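For reference, the chains in residue letters:
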Amino acid sequence: MRGKTLLVHALLIAISLVIVLPMIWMVLGSLKTIQEFLSKPPLWIPPRPAWENYAEVLKAAPFGLFFRNSLIVAIVVVTSQLLTAALAGYALAWIDIPGRNFIFGLILATMMIPAHATAVPSFLILRRLGWIDSLQALMVPFLAQGFAIFLMRQAFLVIPLELVESAKLDGAGHFRILFSIMLPLAKPTAMTVVVLSAVATWNNYFWPLIFTTSIQYRTLPLGLAMFRSQEGMAQWNLLMAASMIVVTPMMLLFLLGQRYFIEGIAKTGLKG
């Protein structure tokens, strides 16, 4: 049994290294000169961190503008998805409305449709609204999300009925119950929704590529692709620095919400 445990741990460590090493190489590579980056044998730790790489990247492309666009889109989408998921999840879990299970089934069905399949009708609708090449095109189609509603509904279902009944006896309405009882108890799941929504929105490449045409409304993933095409394949150290600018906010968000994220996934059962 001990040998089996050691084998499993060794396998997990090996898999972790395979996943982590590219990230470590990117971090260290962003602090190297191009000569150090291309040196043979490979130089892992640079003798002097080249922090000027980041300044050069910010001068070469408007990453400040891309960062602002990504931040605005992420904040609006994440806030809206959390709010709509909480409201819909509570209604589907605790309010006896006609056709509740059928509505929930339709919401689950939306999760089976790839986002790419809705690109053409979405483009036609947004063009009719005059929102092509705008931040609205990057935000409005994602203000509600079926998976977020599913997670919040499942989290609300496991909350004891006694708490809800006690609140109703004290005269609390649905909104008071939701925001004073349900959401605080479902905090891990809410944080899971925030992390998943933020990462998906921040890393979205396909949608901004299709629905924006000017640099003014481009987001970080497109900015990184544009920077790569400008710099070519020669400036790998600058490309690593640009990549760090893109991924660092989501890395920090996941590290801050990791405890809630894991707990939310673990506690979100399949009741109901």
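Here the structure is shown first, and the text comes after it.
One structure accompanies this document, and this report is about it.

Conventions we followed
- In this numbering scheme, every chain counts its residues from 1 along its sequence in written order.
- Totals for whole chains, interfaces and linings use all residues, but because this is a predicted model, local features are given only for residues with pLDDT of at least 70 and pairs of side-chain atoms are given and counted only at 80 or more.
- In computing side-chain values, all of the structure's heavy atoms are included and hydrogens and water are not.
- The rule for a salt bridge is simple: a side-chain nitrogen of Lys or Arg has to be within 4 Å of a carboxyl oxygen of Asp or Glu.
- Comment: elements are numbered from the N terminus, with helices defined as DSSP H or I runs of at least four residues and strands as E runs of at least two.
- Burial classification: accessible surface area is computed with a 1.4 Å probe over protein chains only, and a residue below 20% of its type maximum counts as buried, one above 50% as exposed, and the rest as partly exposed.
- Lys and Arg are tallied as positive, Asp and Glu as negative. Neither His nor the chain termini are counted.
- We call two residues in contact whenever any of their non-hydrogen atoms come within 4.5 Å of each other.
- We call Phe, Tyr and Trp rings a pair once their centres come within 6.5 Å, taking the six-membered ring for Trp, and we label the pair stacked below 30 degrees between planes, edge-to-face above 60, and tilted otherwise.
- Two conditions define a charge sitting above a ring: the NZ of Lys or the CZ of Arg must be within 6 Å of the ring centre, and it must be within 35 degrees of the ring normal.
- Every axis corresponds to a line fitted to the C-alpha atoms, with the helix fit spanning only the stretch in contact, and the corresponding angles, defined between N-to-C directions, vary from 0 to 180 degrees.
- Comment on the angle field: the value is read as roughly parallel under 35 degrees, roughly antiparallel over 145, roughly perpendicular from 65 to 115, and oblique elsewhere.
- Two helices cross in a left-handed way if the nearer one is turned anticlockwise from the farther one by less than a right angle. They cross in a right-handed way if the turn is clockwise.
- Note on residue categories: nonpolar means Ala, Val, Leu, Ile, Met, Phe, Trp, Tyr, Cys or Pro, charged means Asp, Glu, Lys or Arg, and polar means any other residue, Gly included.

1. Some points on the pattern of salt bridges
Alright, step 1. Scanning all chains against the criterion turns up one salt bridge.
Alright, step 2. A salt bridge links Glu52 to Arg48; the nearest nitrogen and oxygen atoms lie 3.0 Å apart.

2. Quick look at the side chain of Arg218
Alright, step 1. Turning to its location among the elements, Arg218 is positioned in the loop between helix 12 (206-211) and helix 13 (220-231).
Alright, step 2. Although Arg218 is buried, it makes no salt bridge; Asp133 carries the closest opposite charge, 6.0 Å away.
Alright, step 3. Setting aside residues up to four positions removed in sequence, Arg218 forms contacts with Phe66, Asn69, Pro208, Thr212 and Thr213.

3. Here's the deal with the environment of Phe147
Alright, step 1. Among the structural elements, Phe147 can be located in helix 8 (residues 146-157).
Alright, step 2. In this structure, the C-alpha to C-alpha distance between Phe147 and Gly130, residues 17 residues apart in sequence, is 29 Å.
Alright, step 3. Setting aside residues no more than four positions away along its own chain, Phe147 makes contact with Met111 and Leu196.

4. Some remarks on the packing of aromatic side chains
Alright, step 1. A full pass over the atoms with the stated rule returns 12 aromatic pairs.
Alright, step 2. When the ring of Phe104 is compared with that of Phe150, the centres are 6.3 Å apart and the planes differ by 15°; the resulting orientation is stacked. In this pair, Phe104 sits in helix 5 (residues 100-110) while Phe150 sits in helix 8, placing the two residues 46 residues apart along the sequence.
Alright, step 3. Assessed through its relative accessible area of 9%, Phe104 is described here as buried.
Alright, step 4. For Phe150, a relative accessible area of 17% translates into the label buried.
Alright, step 5. Grouped by ring-pair contacts, the aromatic residues Phe123, Phe142, Trp207 and Phe211 constitute a single cluster.
Alright, step 6. Above the ring of Phe104, the side-chain terminus of Arg153 is found at 3.9 Å from the ring centroid.

5. Brief notes about the packing of helix 4 (residues 63-94) against helix 8
Alright, step 1. In the contact formed by helix 4 and helix 8, the axes pass within 7 Å of each other and the chain directions differ by 50°. Taken as axis vectors, helix 4 and helix 8 run oblique relative to one another. The crossing of helix 4 and helix 8 is right-handed. Of the residues in helix 8, those touching helix 4 at Gln81, Thr84, Ala85, Ala86, Ala88, Gly89, Tyr90, Leu92, Ala93 and Trp94 are Ala148, Ile149, Met152, Arg153, Phe156 and Leu157.
Alright, step 2. Looking at the contact of helix 4 with helix 8 residue by residue, the classes come out as 12 nonpolar, three polar and one charged.

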